[in-house]
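Chain residues, written in single-letter form:
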Amino acid sequence: MSELPRPPSQPAAPAGPWPPRSAYLHIPFCHRRCFYCDFAVVPLGDRADGASSGSIARYLEQLLAEIAAAPDGPPLSTVYVGGGTPSMLTPAQLGQLLAALRARFRLAPGAELSLEMDPASFDQDRLAGYLAAGVTRVSLGGQSFDDGVLERLGRRHRRADLLQAAAWLAAARCRGELASWSLDLIQGLPGQDLAAWDAQLAQAIALGPPHLSIYDLIVEPGTVFERLERRGQLDLPDADLSADLMEHTGRRLAAAGYGHYEISNYAWPGHASRHNRVYWSGAGWWGFGLGATSAPWGERLARPRTREAYGVWLEQQRGAVGATAEAPSTAAPADEAVASALSGMPFDERVLVGLRRREGVRLERLAAAAGLGAAELAPLLERWRPYRERGLLRAEGGRWRLSDPEGLALSNAVLRELLEWWEERDGRDRQGD
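For clarity, every value in this text was computed on a predicted model and none was experimentally measured.

(A) Spotlight on the overall build of the protein chain. Per the secondary structure count, the protein chain includes 16 helices and 15 strands. Excluding contacts between residues fewer than 6 apart, the proportion of contacts in the protein chain whose partners are at least 24 apart in sequence is 72%.

Structure follows, in structure tokens:
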């Protein structure tokens with residue numbers, strides 16, 4: 001596959017206070033679709049690999065064309081290659097994508113280059129090739145250490161694959177070849193109780209990943225799990241047990257030295273995901289590939305989720321892929337409230353992502369930046385009063401944040417009050433129009 005030439009002329013990048021310094025690349029291919037997955041993925045079978053797949057080769061040509069057609073921007077400080085199973089790509093294919101980003105934007109010194117990898121999708125030689133291509137951080141999709149659970153999730157790998165992959169990553173980090181790595185696990189799985197989940201956490205801690213992402217199972221529409229739930233064949237933990245699992249996770253990992261810096265994410269000092277913090281802070285980012293969403297200057301643009309529609313979309317975009325409306329030409333914002341107003345992110349979404357973070361949000365300043373006065377904010381504060389009285393939601397030093405671990409474990413209830421208040425407010429506004 002030859003490298004695609006840069007178009008003769010590029011659209012000018014909009015002037016704005018938060019020029020994108022992060023990029024997400026979506027590799028949709030995987031060996032099989034897991035039973036809980038509703039991502040934009042293309043299963044190719046257990047034996048598929050980037051070295052021999054024509055589908056992967058053709059898609060990469062499209063992805064390279066999209067990157068080459070993006071507006072100019074500052075050097076990237078974070079890049080995240082997700083999927084799907086990006087470790088189905090060969091190191092040469094990944095290297096070509098990173099070279100395209102360097103040619104289009106350049107990479108800042110010390111940039112974080114993250115790659116999602118599934119156990120059993122790579123060996124030591126392939127890992128070495130990824131590291132040589134520039135990968136500095138790996139996110140390992142383990143999900144569970146239990147073979148029976150992995151089978152019921154529709155996963156391809158087994159416990160032995162996970163342990164081997166983790167050992168390779170740990171060794172690479174010890175040699176100084178890999179800056180950091182993360183392990184993904186899912187809690188709240190069918191039939192899971194507190195003892196079974198504690199055993200999962202114990203095994204994760206024993207492996208010593210510098211970062212852990214612990215996700216609550218969400219039954220998404222159109223998935224195998226959704227069909228099983230409709231039939232009454234999915235024995236999920238109830239709300240109380242789910243909250244207990246999350247609270248136990250926070251306490252167990254805190255005792256092991258992990259900081260709880262976002263609802264689903266824990267890290268040793270210095271190992272938080274810089275790329276993911278871009279999303280939670282409301283800053284802009286480039287997104288490339290099938291199903292990817294970008295928000296370079298606050299205006300979100302979602303790509304189609306099928307290969308055919310994505311190809312048509314690329315043709316329609318021509319040389320304007322990734323360009324957005326011009327942002328206000330001002331100096332960099334001094335704080336998050338001004339950044340929110342300029343980013344185009346709605347107030348409710350800004351608060352939603354902010355409360356997911358350990359540091360929380362400056363609620364009143366965000367409201368003022370969004371044109372909301374104290375009277376308009378009062379109904380939300382009244383909805384939140386029971387959570388403040390229980391110590392789950394705290395207002396300290398001008399910041400509102402969920403307590404850890406109790407408040408973060410019950411975050412859905414607090415965030416639901418926010419969304420219901422915002423929907424009621426929108427409804428009143430529409431009736432007044």
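Let's pick the thread back up.
(B) The arrangement of the side chain of R137 in detail. Of note, R137 is situated in strand β6 (residues 137-143). There is no salt bridge for the buried R137, and the closest opposite charge comes from E112, which lies 4.4 Å off by N-O distance. Apart from the residues within four sequence positions on either side, R137 is in contact with Y80, E112, L113, S114, L115, L178, S180, S182, H211 and S273.

(C) Representation of the sheet that holds strand β7 (residues 180-187) in the model. The sheet built from nine strands is open, its strands ordered β9-β10-β8-β7-β6-β5-β4-β1-β11 with mixed pairing. At either end of the open sheet lies a strand with only one pairing partner, and these are β9 (259-262) and β11 (286-288). On average, each strand axis in the sheet is tilted by 20° relative to the strand beside it, whichever way the strands run. One ladder, built from three bridges, connects β9 with strand β10 (residues 265-267); its direction is antiparallel. What sits directly across from E262, in β10, is N265.

(D) Looking closely at the packing of aromatic side chains. Using the criterion set out here, one finds eleven aromatic pairs in the structure. Judged by centre distance (6.2 Å) and plane angle (20°), the rings of Y24 and Y80 are stacked. Remark: Y80 occurs in strand β4 (residues 76-83) and Y24 occurs in strand β1 (residues 22-27); sequence separation between them is 56 residues. Taking the relative accessible area as the measure of exposure, Y80 reaches 8% and is therefore buried.

(E) Focus on the pairing of strand β15 (residues 399-402). Going residue by residue along β15, you find W400 and L402 tucked away on one face and R399 and R401 left uncovered on the opposite face. Hairpin geometry of strand β14 (residues 393-396) and β15 is characterised by an intervening segment of two residues between the two adjacent antiparallel strands and by a positive phi of about 60° at G397.

(F) Layout of helix α9 (residues 274-281). Among the residues of α9, those classed as buried are H275, N276, V278 and W280. Where the residues of α9 are buried, they touch β1, β4, β5 (107-117), β9, β10 and α12 (347-355).

(G) Spotlight on α12. Among the nine residues that make up α12, seven are buried, leaving the element largely enclosed by the rest of the structure. All buried positions along α12 are accounted for by F347, D348, R350, V351, V353, G354 and L355.

Each value, and the rule that gives it
Residues numbered from 1 in each chain as written. Predicted model: local features only at pLDDT ≥ 70, side-chain atom pairs only at ≥ 80, totals over all residues. Heavy atoms only, no water. Helix = DSSP H or I, 4+ residues; strand = E, 2+ residues; numbered from the N terminus. Contact = heavy atoms within 4.5 Å. Buried < 20%, exposed > 50% of the residue type's maximum accessible area, 1.4 Å probe, protein only. Lys, Arg positive; Asp, Glu negative; His and termini not counted. Salt bridge = Lys/Arg side-chain N within 4 Å of Asp/Glu carboxyl O. Pairing = 2+ DSSP bridges. Axes fitted to C-alpha atoms, helices over the stretch in contact; angles between N-to-C directions. Phe/Tyr/Trp six-rings, centres within 6.5 Å; stacked < 30°, edge-to-face > 60°.

In short, shape yes, function no, at least from these values alone.
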